[in-house]
Amino acid sequence: MSTVLGSLRRLALAPALSEVSFARRGFPGPPTPATARLEAIPRAVVCGFEWGIDARDLTEVRHRVELVDEGMRGFAYEGVTMAFTVLDAMGGGRRRRTRELLLGPGAPHLFLAYIGIGFAMARLPRPLWRKVVPDLEPGPFHPTMTWLAVDGYGFDLAYFDAGKWVDEQRVPAPYAWQGRPDYFGRAVDQGIGRALWFIHGARVDDVDAAVCRFAPERRADLYSGVGLAATFAGGCGAADLATLRRRAGRYAPELALGSVFAMRARVHAGFVPPHSAVAAAALTDLSVQAAVALADDTAPGADDGGPNPPYEIWRTNIRRHFDDKTVHASVE
């Protein structure tokens, strides 16, 4: 049974399942099998959030999430992470639910868990943000990939208020995430790019047109978000993805960069759906194994305190691989 306090928090902070539907959000385009697939993702997140807010312990959460189809299980854990982050942040730092989750059943879904932290950030006052990332042992992904929390924050802004963040193209105030306020907006744009894939129902012409309506200096990060969403969430086939790659032009390496990160996350979770492998091949010309090897071989070292966080250094290293390929192809 749910707790009374948990139910109150759920009602106050979580959108209803109907609120995340594309029709309710006013997204353009007709319903299609692709939009039905994409709509199921935020619904899984909402279910995970409700289970996390209401659950009395981690075992109860794990048993519930294990009932979810393997292809959606990571998104449910994304919602659980969002809930646990809210509970930890509002508990004055005394709770460690998020840490226990990410050291336990949520560990394979670490990439999505960081995004779930970003969803919580969209509902918490900024002074509480300093409490949202759990204390984990440094590793290949932590704390480097915690920038995905900022990405998740940007996705949430665009998904739930497209008028402000997509149509009006507003820019959020900087925040010194990992001590780098100047990079904050770029990570937000990566999340907005992911949201564009959902907002436009994986229709590649519309997604590309939406990116191109933004200022040129924002498009690279937007396209990398599109590549991540197209690969991780799916929604269209190889032919449409090839069209997207051509339409992206000089930003095609950004699509590939996002696709590589998506494949690394998929393999880390231990489940690679066919659509992810198809997207990786279409956007990167790489197999699943080769995409993961590229990600691992280009991983950065420790944070040197420079202007770019290790996360962006990693992105740059991956992007350089595809930049070199583009230059070579143009010479030929």
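Above this text you will find the structure in question.
To start, this report covers the structure provided alongside it. Throughout this description, residue numbers start from 1 for each chain and increase along the sequence as written. In keeping with the model being predicted, local features are shown solely for residues with a pLDDT of at least 70 and side-chain atom pairs are shown and tallied solely at 80 or more, while totals for entire chains, interfaces and linings include all residues. To obtain the side-chain values, all non-hydrogen atoms of the structure were included, while hydrogens and water were left out.

### Comments concerning the overall build of the protein chain
Rules: Helix and strand assignments follow DSSP, with helices taken as H or I runs no shorter than four residues and strands as E runs no shorter than two, numbered in order from the N terminus. Throughout, exposure labels follow a simple rule: accessible area from a 1.4 Å probe, protein chains only, divided by the maximum for the residue type, with under 20% read as buried, over 50% as exposed, and the rest as partly exposed. For the area figures, the Shrake-Rupley method with a 1.4 Å probe applies, and any residue is considered shielded solely by the protein chains shown. In this tally Asp and Glu are treated as negative and Lys and Arg as positive; neither His nor the chain ends contributes. Where a charge sits is defined by one atom per residue type, namely NZ (Lys), CZ (Arg), CG (Asp) or CD (Glu).
When helices and strands are tallied, the protein chain shows 17 helices and 0 strands. Principal axes of the C-alpha set define a box for the protein chain whose edges measure 65 × 50 × 35 Å. In the protein chain, buried positions account for 55% of the 332 residues. Of the roughly 13,700 Å² of accessible surface on the protein chain, 56% is carried by carbon and sulfur atoms. Charge-centre separation for the protein chain: the mean point of 38 positive side chains lies 5 Å from the mean point of 37 negative side chains.

### Here we look at the pattern of salt bridges
Using the following cut-off: The term salt bridge refers to a pairing of a side-chain nitrogen on Lys or Arg with a carboxyl oxygen on Asp or Glu at a separation within 4 Å.
Here the structure, examined in full by the defined rule, presents 21 salt bridges. The shortest N-O distance in the salt bridge between Arg194 and Asp151 comes to 2.7 Å. With Arg194 in helix H10 (residues 181-199) and Asp151 in helix H8 (residues 147-160), the pair connects residues that are 43 residues apart, well separated along the chain. Residue classification places Arg194 among the buried positions, given a relative accessible area of 8%. Asp221 serves as the salt-bridge partner of Arg315, at 2.9 Å between the closest nitrogen and oxygen.

### Focus: the nonpolar core
Definition in use: Definition used in this section: a nonpolar core is a set of buried Ala, Val, Leu, Ile, Met, Phe, Trp, Tyr and Cys residues joined via side-chain atoms within 4.5 Å. Contacts: residue pairs with any heavy atoms within 4.5 Å of one another.
Counting 109 residues, the largest nonpolar core has Met145, Trp177, Trp197 and Phe198 as its most contacted members. The element best represented in this core is helix H5 (residues 70-90), accounting for 11 residues. Discounting chain neighbours no more than four positions away, the residues touching Phe198 are Phe22, Phe27, Leu38, Ile41, Pro42, Phe155, Tyr159, Ala229 and Ala233.

### Things to note about helix H4 (residues 58-65)
So the rule is basically this: This arc is built from the directions going out from the helix axis to the C-beta atoms. The definition of a polar contact used here is a pair of N or O atoms within 3.5 Å, where within protein one atom must be able to donate a hydrogen and the other to accept one, and adjacent residues in sequence count solely through side-chain atom pairs.
For H4, the complete set of buried residues consists of Glu60, Val61 and Val65. Mapping the buried residues of H4 onto a view down its axis gives an arc of 125°, with all of them on the same face. Buried residues along H4 sit in contact with helix H3 (33-54) and H5. Structurally, the start of H4 carries an N-cap: the backbone nitrogen of Thr59 is 3.2 Å from a side-chain oxygen of Asp57.

### Details of the side chain of Arg315
Locating Arg315 in the fold gives a position in helix H17 (residues 310-331). Residue classification places Arg315 among the buried residues on the basis of a relative accessible area of 2%. A polar contact of 3.4 Å, which involves the side chain of Arg315, links it to the side chain of Tyr183. Looking at Arg315, its side chain comes within polar contact range of the side chain of Ser224, at 3.3 Å. The contact partners of Arg315, leaving out residues within four places of it in the chain, are Tyr183, Arg186, Gln190, Asp221, Ser224, Glu254, Leu257 and Phe261.

### A closer look at unusual backbone geometry
Here His142 and Pro143 are connected by a cis peptide whose omega angle stands at 5°. Positioned with a positive phi, Gln169 is a non-glycine residue whose angle comes to about 55°. Here Gln169 falls in the partly exposed class, since its relative accessible area comes to 21%. In this structure, Ala202 takes a positive phi of about 65° despite not being glycine. Among the residues examined, Ala202 registers a relative accessible area of 5% and is labelled buried.

### Some points on the side chain of Glu78
Mapped onto the fold, Glu78 is located in helix H5. Buried Glu78, no salt bridge; nearest opposite-charge side chain is Arg194, N-O distance 5.7 Å. Every residue in contact with Glu78, bar those within four places of it in the chain, is listed here: Val45, Leu112, Ile115, Gly116 and Phe119.

### Points about the state of the cysteines
Selection criterion: Only a pair of cysteine sulfur atoms within 2.5 Å counts as a disulfide in this structure description.
Applying the stated criterion across every chain, the model contains 0 disulfides. Unpaired in terms of disulfides, Cys212 finds its nearest cysteine sulfur in Cys236, a separation of 16 Å. Here Cys236 falls in the buried class, since its relative accessible area comes to 17%.

### Concerning helix H14 (residues 252-269)
Test applied: Expected helix span is given by 1.5 Å per residue-to-residue step, counting one fewer step than there are residues.
Along its 18 residues, H14 runs 26 Å from first to last C-alpha, staying within 8% of the 26 Å computed at 1.5 Å per residue. Of all 18 residues in H14, 15 are buried, a share of seventy percent or more. Where H14 ends, the next residue or the one after it, Gly270, has phi of about 80°, a positive value.

### Comments concerning the environment of Ala36
Here Ala36 is to be found in helix H3. Separated by 165 residues in the primary sequence, Ala36 and Gly201 place their C-alpha atoms 9.0 Å from one another.

### Side note on the environment of Arg73
Within the secondary structure, Arg73 is located in helix H5. Relative accessible area serves as the criterion here: at 25%, Arg73 is assigned to the partly exposed category. Dropping the residues within four chain positions of it, Arg73 is found in contact with Val65, Glu66 and Val68.

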